Amino acid sequence: MSAQDAAGGFALDQRAIQSAMKSINPRSNSIGSHSGEKHPADPAVATAGTVPFPSPDQWPSDVFTSATGQTLKRAWELKEQATAILKTNDPDRARALYLEASELAREVMSIQPTERSAALLWQKCMYLGMQAFATCQLNISLCFTKMERWSEAIESASNVIGMIDLGLPLAV
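Quick caveat: nothing in here was measured; it's all calculated off a predicted structure.

## Some remarks on the overall build of the chain
Item 1. Along its length, the chain carries eight helices and zero strands.
Item 2. Counting from the amino terminus, helix and strand elements in the chain follow one another as α-α-α-α-α-α-α-α.
Item 3. Across the 172 residues in the chain, those meeting the buried criterion constitute 48%.
Item 4. Considering only intrachain contacts with a sequence separation of at least 6, the fraction spanning at least 24 residues in the chain is 62%.
Item 5. Here the chain displays about 8,400 Å² of accessible surface, and carbon together with sulfur accounts for 50% of that area.

Quick look at the structure:
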């Protein structure tokens, strides 16, 4: 089994992510709320030191109420469960939950907007999906490290390094 298969079979589709990210300006306030205030989902805020994958109560309301937002919420819940399990020193079980959350985030990252009015919501969801994916992949790497499965730990971390190399706005 290759390290990539052990990490969940993720091969980062860099072209798809680059294409999706062309419409996001990481320095803009376009992901903030309608009132003009910035949210942790705003790349300008997230890179200033907020939690990489903010809790749903910090998301803009239109994200939280969307179907895609519900998928992100499930990913966040799985990540939280995995973190609690990891604290009980069960890295293999935690890795499985992080992997499931990462797969949900990847699903969100593959969604394309269907109309112009959905583009802003799509940008917000795409950004949160990237944060979820990166957070979970780094936590999967931590689980593999705790299990002394070094090549798989490197592979999971490399997924995030690949995203950073693309210049994606990650708060990791």
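## Digging into the confidence of the model for the chain
Caution applies to low-pLDDT parts of the model: their predicted coordinates are not meant to be read in detail.
Item 1. Across the chain, the average pLDDT comes to 73, with 66% of residues at or above 70.
Item 2. Across residues 1-51, where pLDDT falls below 50, the model places 99 contacts with residues more than four positions away in sequence or in other chains.

## A closer look at the nonpolar core
Item 1. Membership of the largest hydrophobic core comes to 20 residues, with the highest contact counts inside it found for W59, V63, L72, M109, M130, M163 and L170.
Item 2. Where this core is concerned, the elements lending two or more residues are α6 (91-109), α7 (119-146) and α8 (150-165).
Item 3. The biggest single contributor to this core is α7, with nine residues.
Item 4. Core analysis: the next-biggest nonpolar cluster, separate from the first, contains 16 residues, I85, L86, Y98 and C143 among them.

## Re the pattern of salt bridges
Item 1. Applying the stated criterion to the full structure yields seven salt bridges.
Item 2. For the salt bridge of E77 with R74, the shortest nitrogen-to-oxygen distance reads 3.9 Å. Of the two residues, E77 and R74 are both situated in helix α5 (residues 67-87); the distance of three residues between them amounts to about one turn of the helix.
Item 3. Put simply, R95 and D92 hold a salt bridge, and the shortest N to O gap is 3.4 Å. Pair noted here: R95 and D92 are both in helix α6, with a separation of three residues, about one helical turn.

## A few points about α7
Item 1. For α7, which comprises 28 residues, the first-to-last C-alpha distance of 40 Å matches the rise-based estimate of 40 Å (1.5 Å per residue) to within 8%.
Item 2. Burial analysis of α7 places 21 of its 28 residues in the buried class, which makes it a mostly covered element.
Item 3. Following α7 by one or two positions, E148 has its phi on the positive side, about 60°.

## Considerations on the packing of α5 against α6
Item 1. Direction vectors running N to C along α5 and α6 enclose 165°, while the axes themselves pass 8 Å from each other. Judged on the interaxial angle alone, α6 and α5 are roughly antiparallel. Both α5 and α6 take part in a crossing whose hand is left-handed. Across the interface between the two elements, T68, T71, L72, R74, A75, L78, K79, Q81, A82, T83, I85 and L86 from α5 touch P91, R93, A94, L97, Y98, E100, A101, L104, E107 and V108 from α6.
Item 2. Each residue belonging to the contact of α5 with α6 can be placed in one class, and the counts come to 13 nonpolar, four polar and five charged.

Reading guide: rules and limits
- Residues numbered from 1 in each chain as written.
- Predicted model: local features only at pLDDT ≥ 70, side-chain atom pairs only at ≥ 80, totals over all residues.
- Heavy atoms only, no water.
- Helix = DSSP H or I, 4+ residues; strand = E, 2+ residues; numbered from the N terminus.
- Buried < 20%, exposed > 50% of the residue type's maximum accessible area, 1.4 Å probe, protein only.
- Contact = heavy atoms within 4.5 Å.
- Areas by Shrake-Rupley, 256 points an atom, 1.4 Å probe, with all protein chains shown as cover.
- pLDDT = per-residue confidence, 0-100.
- Core = buried A, V, L, I, M, F, W, Y, C linked by side-chain atoms within 4.5 Å.
- Salt bridge = Lys/Arg side-chain N within 4 Å of Asp/Glu carboxyl O.
- Expected span 1.5 Å × (residues − 1).
- Axes fitted to C-alpha atoms, helices over the stretch in contact; angles between N-to-C directions.
- Parallel < 35°, antiparallel > 145°, perpendicular 65-115°, else oblique.
- Left-handed = near helix turned anticlockwise from the far one by under 90°.
- Nonpolar A, V, L, I, M, F, W, Y, C, P; charged D, E, K, R; others polar.

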